[in-house]
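Take a look at the letters that make up each chain.
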Amino acid sequence: MGAVRQTIGSIVTIRGTAPPAQAERLAPRLGALTVRERWRRARLQAYSWLLTGAYQMGSAHPALWRLVARSYHPVFDRLAARHAVVTCRFAAVDVPAYRDFVRGKGAEGARRLIDFPETTKLNYASVYDEASRCQEGKLHRPGVTVDESSGSTGKPYNWVRGPRELKGIYRNAAGYIELVFPGDRLFVLNGYSMGAWATGTTTGIAMTRIAMVKNTGPDLDKIIDTLLHFGPGYDYIVAAYPPFLKHLRDRLDAIGFPWAKYRIRGMVGGEGMTEALRDYLEQRFEEVRSGYGASDLTIGMGAETGFTVWLRKRLAVDDELRRELLGEDEQRLPMIFHYNPLETYLEINEAGELLCTINTKSCLQPKLRYNVGDEALLHSYPKVKKIIQQSPRNWADSGRSGEKMTLPLLFLFGRKDSTISYMGANLYPQDVEYGLYDGNPRAADIARFCLTLEELPDLESRPVINIELRAGADFDAIATDLAVTCRQGVLDHLAKVSRDFAESLKEDPTTADLRVRVFAAGEGPFMGTNLLKNVYLVTDT
């Protein structure tokens, strides 16, 4: 039976069981509304359009976008929460699928946000067809764009976006880029896939508002040719997935690229990135910043700044700050993003998972308390600021970033099922990545990695780190040394960041029996895989 790929946010899992045959999706239609429903729909629509118009005015120009991002006040949170309620109530009478969904959950009279049921890909997007999930049940109209998710769940999903919605995404992306990557001669090299994938096409169009753009797609040779052809007279921004940016750095090093003559920065997304990988990239790139989004929600829900990068690095070494912001027993290091609740209202449910409601009437296919399965925490900027100010040195260091955003903060841990349990501890791909890249003199020889759990003849299980060498690397010359270096790096990092793992090492020396296998390019578990996003967890080999 063929393996089934399942994308879990920034994690891709391969499972060895095929999904059940997809039943024909439901296609409810709006039908006739009662007088009371029409009146409620008109009131809610007017209120929603009023707020949406106000948000759009605040992002009409990158300068206005920066003003809003730098002057956001927690009082706006109440307005955003109210708008999220209005969005759900309006969809309950205007969106056929959601109307049917809410009735099926017995929540048609809901008035509080928490009373509306959560939607997911499984219980909503997979159950209802595209048209019924649109406003008024109308899908086909001029200017609608159909994006496709990565298809890592076994079959690709299609997500539709209307022209007004896309304009808002373009405005936000342009505002963020001008704030975080200032420059007089911006030249964006778009290395995302340029097919029906949401990130690539959206990034290319959005960047034309504030920069010169070349949509190369994930083609190393095209990007290198472009850099050499146009020369060092531009402020380059390479937009790509994190692993691709590493491949670009390694390829440029291999050809002796004159980094010192160029100003090149990186903008990444699509999956998580460790600080070890960021440090590796910033040995060449001036800076690298990440964005957070999802094809089934929207592009650019959250974004890093110099402040969030500083805070994440500080959390890795400051135990007191970590306890204050993440909790007493939290050992994971989240990515940290600013987000705007006025447009993407976020909540955390009882399971610690992130819920998102898109607060704009221009969203053709409303996203309503949508759960993508990411674990997260939310904090306001004033709260984080107050905690940091307890240490004058920390506060002084945190203010060195020039963006000065005051938007609230999303602390994103990733997906619950992105781990391998081993000796009572959870082994996370991001922890493995730290160990592979941090201080590793052979990091440039690594193309990608994945985790497997192997059962030994004595019926004990041990995690295996599978490493693929970059194309052209001399396997015989470097495989053994690379495996030893990587194994020790991962063990050292796990012992440092995981109390459970460190305790297991003391109690049972066999805990150190962490297997590392090195493969030539395209061999072993990497054979036949050509995903744009790395596959980090393989549960069937």
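Structure first, text after, so check above.
Described below are features of the structure shown in this document. (Residues numbered from 1 in each chain as written. Predicted model: local features only at pLDDT ≥ 70, side-chain atom pairs only at ≥ 80, totals over all residues. Heavy atoms only, no water.)

For the protein, the count of helices and strands is 17 helices and 21 strands. Burial analysis of the protein (541 residues in total) assigns 55% to the buried set. The contacts of the protein with a sequence gap of at least 6 include a subset with a gap of at least 24, amounting to 72%. Counting every atom, the protein has about 23,400 Å² of accessible surface; 52% of that belongs to carbon and sulfur. (Helix = DSSP H or I, 4+ residues; strand = E, 2+ residues; numbered from the N terminus. Buried < 20%, exposed > 50% of the residue type's maximum accessible area, 1.4 Å probe, protein only. Contact = heavy atoms within 4.5 Å. Areas by Shrake-Rupley, 256 points an atom, 1.4 Å probe, with all protein chains shown as cover.)

Turning our eyes to something else, we now look at the packing of helix α11 (residues 306-315) against helix α13 (residues 381-388). One can describe the packing of α11 onto α13 by two numbers: an axis separation of 13 Å at closest approach and a directional angle of 50°. With respect to their mutual orientation, α11 and α13 come out oblique. Both α11 and α13 take part in a crossing whose hand is left-handed. Here α11 contributes Phe307, Trp310 and Leu311 to the contact with α13, which in turn contributes Tyr381, Val384 and Ile388. Residue composition of the contact of α11 with α13, by class: six nonpolar, no polar and no charged. (Axes fitted to C-alpha atoms, helices over the stretch in contact; angles between N-to-C directions. Parallel < 35°, antiparallel > 145°, perpendicular 65-115°, else oblique. Left-handed = near helix turned anticlockwise from the far one by under 90°. Nonpolar A, V, L, I, M, F, W, Y, C, P; charged D, E, K, R; others polar.)

In space, the eleven strands of this open sheet follow the order β6-β5-β7-β8-β9-β10-β11-β15-β14-β13-β12, with mixed pairing throughout. With one partner strand each, in any of the chains shown, β6 (212-214) and β12 (344-348) form the two edges of the open sheet. Those strands touched by α13 are β11 (335-339), β14 (370-379) and β15 (409-415), and its axis lies near 45° from that of β14. (Pairing = 2+ DSSP bridges.)

Our focus in this paragraph is the packing of aromatic side chains. Taken as a whole and assessed by the stated rule, the structure comprises 20 aromatic pairs. Taken together, a centroid distance of 5.4 Å and an interplanar angle of 65° make the contact between Tyr72 and Phe76 edge-to-face. Centroid distance Phe307 to Tyr381: 5.7 Å. Interplanar angle 65°. Geometry classified as edge-to-face. Pair noted here: Phe307 is in helix α11 and Tyr381 is in helix α13, with a separation of 74 residues, a long-range link. (Phe/Tyr/Trp six-rings, centres within 6.5 Å; stacked < 30°, edge-to-face > 60°.)

Backbone geometry places Arg369, a non-glycine residue, at a positive phi of 45°. Structurally, Arg369 is set in the loop between β13 (353-358) and β14. Accessibility expressed as a relative area gives 6% for Arg369, which makes it buried.

Where helix α15 (residues 429-437) contacts helix α16 (residues 475-497), the axes come no closer than 7 Å and their chain directions differ by 125°. In terms of axis orientation, α15 runs oblique to α16. As for how α15 packs across α16, the hand of that crossing is right-handed. Residue-level inspection shows Asp431, Val432, Tyr434, Gly435 and Leu436 of α15 in contact with α16, the latter providing Cys486, Gly489, Val490, His493, Leu494 and Val497. Taken together, the residues of the contact of α15 with α16 sort by class into seven nonpolar, three polar and one charged.

Next up on the list: a positive patch on the surface. On the surface, a cluster of positive charge is made up of Arg36, Arg43, Arg82 and Arg111. You can see Arg36 is positioned in helix α1 (residues 35-58). A relative accessible area of 66% means that Arg36 is categorised as exposed. (Patch = residues over 30% accessible without salt bridge, like charges linked within 9 Å, V, L, I, M, F, W, Y side chains within 5 Å. Salt bridge = Lys/Arg side-chain N within 4 Å of Asp/Glu carboxyl O. Lys, Arg positive; Asp, Glu negative; His and termini not counted. Charge placed at Lys NZ, Arg CZ, Asp CG, Glu CD.)

Two faces make up the sheet, and in a regular strand the side chains alternate between them. Along strand β8 (residues 263-268), five of the six residues are buried, which leaves the element largely enclosed by surrounding structure. Relative to β8, strand β7 (residues 235-240) is paired through six bridges, and the arrangement is parallel. If you follow Ala240 over to β8, its bridge partner there is Val268. The handedness of the β7 to β8 crossover, carried by helix α9 (residues 242-254), is right-handed. Note: β8 against strand β9 (residues 288-292), three bridges, orientation parallel. When the bridges of β9 are listed, Gly266 appears paired with Val288. (Right-handed = clockwise from strand over helix to strand, strands pointing away.)

Among the structural elements, Glu275 can be located in helix α10 (residues 275-281). With a relative accessible area of 5%, Glu275 lands in the buried category. In this structure, the C-alpha to C-alpha distance between Glu275 and Lys313, residues 38 residues apart in sequence, is 7.2 Å. Discounting residues that sit within four places of it in the chain, Glu275 has contacts with Val309, Arg312, Lys313 and Tyr434. Polar side-chain contacts of Glu275 include one of 2.8 Å to the side chain of Arg278. At a separation of 2.7 Å, a polar atom in the side chain of Glu275 contacts the side chain of Arg312. (Polar contact = N/O pair within 3.5 Å; in protein donor to acceptor, adjacent residues only side chain to side chain.)

Attention now moves to helix α12 (residues 319-326). Here α12 has its buried residues at Leu321, Arg322, Leu325 and Leu326. The arc that holds the buried residues of α12, viewed along the axis, is 100°, so those residues lie on one side. For α12, the secondary structure elements touched by its buried residues are α11, β14, α13 and β15. The distance from a side-chain oxygen at the start of α12 to the backbone nitrogen of Glu320 is 3.2 Å, and the residue carrying that oxygen is Asp318. Where α12 ends, the next residue or the one after it, Gly327, has phi of about 110°, a positive value. (Arc of directions from axis to C-beta.)

Per the counting criterion, the structure on display carries zero disulfides. Between Cys363, a free cysteine, and Cys134, which holds the nearest cysteine sulfur, the sulfur-to-sulfur gap is 9.1 Å. When its relative accessible area of 1% is taken as the criterion, Cys363 is described as buried. (Disulfide = S-S within 2.5 Å.)

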